[in-house]
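Residues per chain, in single letters:
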Amino acid sequence: MENSGASPFKDTPVGLDANSEEEYFSQSTLLKEFTEIPTIEKAWTLKSNSGASQVMFSISQPNFLENKKRRYVSFSHISKERDDSVQLRWDAFPIEMGTTSLMVPSPSGSKLLVVRNAEKDSPTCFEIWSSSQVEMEFHVPSSIHGSVYSDGWFEGISWNSDETLIAYIAEEPVSAKPTFTYYGYEKGNCLYKDSNSWKGQGDWEEGWGEAYDGKRLPKLFVLSINSGEVRAVDGIEKALSVGQVIWAPSAKDSLQCLVFVGWPSGTRKFGIKYCTNRPCSLYVVRAPCFRYEPCQSRTDTKLSAVVLTESISSAFFPRFSPDGKFLVFLSSKSAVDSGAHNATDSLHRIDWSIDAEPHPRHKIVDVVPVVMCAEDGSFPGLYCSNILSNPWLSDGCTMILSSAWGSTLVVLTVDILSGDVSRISPCTSEFSWDVLTLDGDNILAVCSSPIDVPEIKYGHLVKNASDNTKWNWLDISSPVTKCSEKVRSLLSFKEFSIMSIPVRDASENLTKGASKPYEAIFASSKLKKHDACDPMIVVLHGGPHCVSLSSFSKSSAFLCSLGFSLLIVSYRGSLGFGEEAVQSLPGRVGSQDVNDVLAAIDHVIGMGLADQSKIAAVGISHGGFLTTHLIGQAPDKFAAAAARNPVCNFALMVSTTDIPDWCYFEAFGSEAKSSFTAAPSAEHLALFYDKSPISHVSKVKTPTLMLLGAKDLRVPITDGLQYARALKEKGVEVKVMMFPEDIHELDRPRTDFESFLNIGLWFKKHCS
């Protein structure tokens, strides 16, 4: 027999025929080149004894073999030349951080804290590094606390000013579980588990929903560098989840205090990921006193935490001014008070004294209020996803922030005394700019567009002849953000613009802000064809109160490089356009947002930029909601669709999601708070169904790809599966991809890769 060792089965992947395997191979090879582009996640500026600056960059790339992010650090020395140019002199190689969960330099930059979260019941490891070695290492057992939070929201690690204490947020230790043996319950709750016993489950404890599975209660702890002791901070009520801790300024030898954000649990914890509408306050509490730390002789060190922001429903990202006279914080009170999961932020200030006792009657000063309706071209309000740990210029009152401004991310200065806000990234640029770190009064930022890989920029103030100052931005050569020649060549033939889309239903009873144009980013080939347009993909963000920014996205750039134009729509209800625009959508989902997307599509078709027979749509979450609504309400308009963890049926989702209040708010609008219940009535369920894509499923003709995460708590898979089964039932071409270990974001390296590979193939198949 010839080739007797060969398998009798074909090696072609399931769902592919032999003819399409070559395209599968070529597209996967190209996608791999896009995914390998590094991402700069954070940066810190460190000062040497000579006063020179060194920058430490935290960078990530996907590690497909381990199916997680590979994180490493790269160091660069800032060199200022005589001609006022700036060079970053990079070390020869980056350093992989392996099992590191968090890195935080000390205030002086002489020490580096490295946290390694262990799995299961193993200890958490804290390492203190100097410039040459590990100086100290502490292992904190799970009986003291669980893993340290590194999620960017509850996360908070802060060194005190003399670098002897570290405050941080970690999971409360697991409650004791009952032990059972052959004879039944074991009295005394035995600590050891052997083959003759097992641990029971005990009471179920609610967590904070999506992305926090297994996390129940973040608590505040302090580690003493001198003694190695770890203590939980006393005086904080049991039901309060805490995060974002910082040390308050203090006089020498006085008691030290901590300021943190607290979220009350109430009768139920709703999902908090992407939801700034959860009420929260700033608190101050005294730090524990350790045996080897100098402590004031007073004995009343275990007083209860004091709430600082009683008069406002939301307060987070606290930062003290360099002189310690002001405590500044962001607020999402618009989201909390209205019910929107995200809304326009505001910035506030509390006058602080290191000598006075903290009290709940601090006057809260509005620094940057909520902007309801932005005039054309003017500041639309604050939309900040984070604030630098040290955002201050040397005058002590000017903060540097990154914020959405329409469809772009911009760099702002905010004077916390006058409230003046200035856009300092180039006003003529449609690129997005994001602050990484400050170098004294200079700024390191990253700049990118949908078709331009991120580049590092160095901003500094320049005085002109009339003694006025302006920000000058210098290009910084960097090995960090390099891409392959093939990717660079493909992107060099692309162009993009941000389009203003007029509102078609402006005659309705709308607020001024809701009647203003919204935006869409259009990316396409520079090489115009005389007789045809490239097929177009409509890209729809989730939320719905988020925004699609003009920053680089590996997946979108990959799809564009396959020969598609992209129409990336920020429909009304998106952030970045003023609060009235945000609040115009709740109660109108499935109609206003759908019509906005259709109007944007018609706008580019009318400009001769798209072929109405070759249009596809893709979106995740609420973007999937829009995708499935569009193919039902405009069944002849779309050649293909891809929906990633889509909301397809509010009536099904409301009883299974971690954010049922979101279903009520988006469907009912302002009536949601009075209508919400954990047991929806038949009338409510009927309205939910009418607002959902499932109500239009009988009209769908469009071939549809569904991508679902089996561990999604936000939009459980029953939503997508019901919709897919309904399409199959009526003979529509459907493909379902299930990712067994993924949650809502579908962002694990292998999942992200396979998702967009199949989206590209699906759209190529149906739009060519």
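One can find the structure itself at the top, above this paragraph.
Everything quoted here is computed from the prediction, not taken from an experiment.

Engineer: Sorry if this is basic, but what is going on with the sheet that holds strand S7 (residues 112-116) here?
Structural biologist: Sheets are built from strands paired through backbone hydrogen bonds, the pairs being either parallel or antiparallel. Across the sheet, four strands lie side by side as S6-S7-S8-S9; this open sheet has antiparallel pairing. Every other strand in the sheet has two partners, leaving strand S6 (102-105) and strand S9 (134-140) as the edge strands with one partner each. Each adjacent strand pair in this sheet contributes to an overall mean axis angle of 15°, direction not counted. Pairing analysis gives six bridges linking strand S8 (residues 124-129) to S9, with the strands arranged antiparallel. Paired with Trp129 across the bridge in S9 is Val134.

Engineer: Is there a simple way to explain the pattern of salt bridges in this structure?
Structural biologist: Charged atoms that come close allow side chains of opposite charge to pair. As enumerated under the stated definition, the model contains 29 salt bridges in all. Between Arg70 and Glu96 there is a salt bridge whose closest N-O contact spans 3.3 Å. Linking Arg70 in strand S3 (residues 68-80) with Glu96 in strand S5 (residues 95-96), this pair joins segments that are 26 residues apart in sequence. Linking Glu172 and Arg216 is a salt bridge whose minimum nitrogen-to-oxygen distance equals 3.7 Å. One end of the pair, Glu172, is in the loop between strand S11 (165-171) and strand S12 (179-181); the other, Arg216, is in the loop between strand S14 (197-199) and strand S15 (218-224), with 44 residues separating them in the sequence. For the pair shown, Glu172 and Arg216 are each scored as buried. Taken together, the shared-partner salt bridges connect Glu171, Glu172, Glu205, Arg216 and Lys238 into one network.

Engineer: I'm lost on the packing of helix H7 (residues 592-606) against helix H8 (residues 622-633) in this one. Help?
Structural biologist: The description of two packed helices rests on the angle between their axes and on the distance between the axes. It is the contact of H7 with H8, at a shortest axis distance of 10 Å, that shows an interaxial angle of 70°. The orientation of H7 with respect to H8, classified from their angle, is roughly perpendicular. Residues Asp593, Val594, Val597 and Leu598 of H7 lie in contact with H8, whose contacting residues are His622, Phe625, Leu626, His629, Leu630 and Gln633. Among the residues making up the contact of H7 with H8, the classes are represented as six nonpolar, three polar and one charged.

Engineer: Help me understand the environment of Ser265 in this model?
Structural biologist: In this structure, Ser265 sits in the loop between strand S18 (257-264) and strand S19 (281-286). Residue classification places Ser265 among the buried positions, given a relative accessible area of 12%. If we ignore the near neighbours within four places in the chain, the residues touching Ser265 are Ala239 and Ser241. A distance of 2.8 Å separates the side chain of Ser265 from the backbone oxygen of Ala239, its partner in a polar contact.

Engineer: Help me understand the environment of Glu81 in this model?
Structural biologist: Mapped onto the secondary structure, Glu81 falls in the loop between S3 and strand S4 (86-90). Not counting the four nearest positions on each side in its chain, Glu81 is found in contact with Gln87 and Arg89.

Engineer: Teacher, can you tell me more about the side chain of Asp345 here?
Structural biologist: By the element assignment, Asp345 lies in the loop between helix H2 (333-338) and strand S23 (346-351). For the buried residue Asp345, which engages in no salt bridge, the nearest side chain bearing the opposite charge is Lys333, 10.0 Å off. Polar contacts involving the side chain of Asp345 include one to the main-chain amide nitrogen of Cys384, which spans 3.1 Å. The residues touching Asp345, leaving out its near neighbours within four places in the chain, are Phe316, Leu330, Ser331, Ser332, Pro369, Val370, Leu382, Tyr383 and Cys384.

Engineer: I tried to follow the environment of Met738 on my own but got confused; where do I start?
Structural biologist: Along the chain, the position of Met738 falls in strand S39 (residues 734-739). With relative accessibility at 34%, the residue Met738 sits in the partly exposed group. C-alpha of Met738 to C-alpha of Ser755: the two residues are 17 residues apart in sequence and 10.0 Å apart in space. Aside from chain neighbours lying at most four places away, what touches Met738 is Leu708, Ala710, Ile717 and Leu721.

Engineer: I would appreciate a short explanation of the sheet that holds strand S10 (residues 157-159) in the present structure.
Structural biologist: Taken in spatial order, the four strands line up as S10-S11-S15-S16 in an open sheet, and their pairing is antiparallel. Among the strands making up the open sheet, the edge pair consists of S10 and strand S16 (230-232). Each neighbouring strand pair of the sheet contributes to a mean axis angle of 25°, computed without reference to strand direction. Pairing between S10 and S11: three bridges, direction antiparallel. What sits directly across from Trp159, in S11, is Ile166.

Engineer: What's the story with the nonpolar core in this structure? I'm lost.
Structural biologist: One broad rule of soluble globular proteins: the nonpolar side chains tend to lie buried together. Counting residues in each nonpolar core, the largest one holds 65 residues, and the members touching the most others are Leu220, Leu258, Val259, Phe260, Leu327, Leu347 and Leu382. Considering each element in turn, this core owes the most residues, six residues, to S18. When residues no more than four places from it in sequence are discounted, the contact partners of Leu258 are Ala167, Leu220, Val222, Val233, Val245, Ile246, Trp247, Ala248, Tyr283, Val284, Val285 and Ala287. Within the second largest apolar cluster, 59 residues are counted, among which are Tyr518, Leu567, Ala641 and Val715.

Engineer: How should the pairing of strand S35 (residues 565-570) be read in this particular structure?
Structural biologist: In the case of a regular strand, side chains alternate between the two sheet surfaces. S35 sits mainly inside the fold: six of its six residues count as buried. Along S35, one buried face is formed by Ser565, Leu567 and Val569 and the opposite face, lined by Leu566, Ile568 and Ser570, is buried too. As defined by bridge partners, strand S33 (residues 518-525) adjoins S35 across five bridges and the pair is classed as antiparallel. Note on S35: the bridge partner recorded for Ile521 is Ile568. In this structure, strand S34 (residues 536-540) lies alongside S35, joined through five bridges in parallel fashion. Paired with Met536 across the strands is Ser565, a residue of S35. Note that the unit made of S34, helix H5 (residues 554-561) and S35 has a crossover that is right-handed.

Reading guide: rules and limits
Residue positions are given per chain, counting from 1 as you read along its sequence in written order. Whole-chain, interface and lining totals are the exception, using all residues; otherwise, since this is a predicted model, local features are given only for residues with pLDDT of at least 70 and side-chain atom pairs are given and counted only at 80 or more. Excluded from the side-chain calculations are hydrogens and water; all other atoms, namely the structure's heavy atoms, are used. Any two strands with at least two DSSP-identified bridges between them are counted as paired. Put simply, DSSP marks the helices as runs of H or I at least four residues long and the strands as runs of E at least two long, and each gets a number from the N terminus on. All axes here are fitted lines through C-alpha atoms, helices being fitted over the stretch that makes contact, and every angle between N-to-C directions spans 0 to 180 degrees. What makes a salt bridge here is a side-chain nitrogen of Lys or Arg within 4 Å of a carboxyl oxygen of Asp or Glu, nothing more. Categorising residues by exposure relies on relative accessible area from a 1.4 Å probe, with only protein chains included: less than 20% of the type maximum marks a residue as buried, more than 50% marks it as exposed, and the intermediate range marks it as partly exposed. The scheme is simple: roughly parallel for angles under 35 degrees, roughly antiparallel for over 145, roughly perpendicular for 65 to 115, oblique for anything else. Note on contacts: a residue pair is in contact if any heavy atoms of the two residues lie within 4.5 Å. Residue polarity follows a fixed list, in which Ala, Val, Leu, Ile, Met, Phe, Trp, Tyr, Cys and Pro are nonpolar, Asp, Glu, Lys and Arg are charged, and the others, Gly among them, are polar. Nitrogen and oxygen atoms within 3.5 Å of one another constitute a polar contact, given that in protein one can donate a hydrogen and the other can accept it, and given that sequence-neighbouring residues count only through two side-chain atoms. His is not counted, nor are the chain ends; Lys and Arg add positive charge and Asp and Glu add negative charge. Buried Ala, Val, Leu, Ile, Met, Phe, Trp, Tyr and Cys residues that are joined via side-chain atoms within 4.5 Å together make up what is termed a nonpolar core. Seen with the strands pointing away from the viewer, any crossover whose path from the first strand over the helix to the second strand runs clockwise is right-handed.

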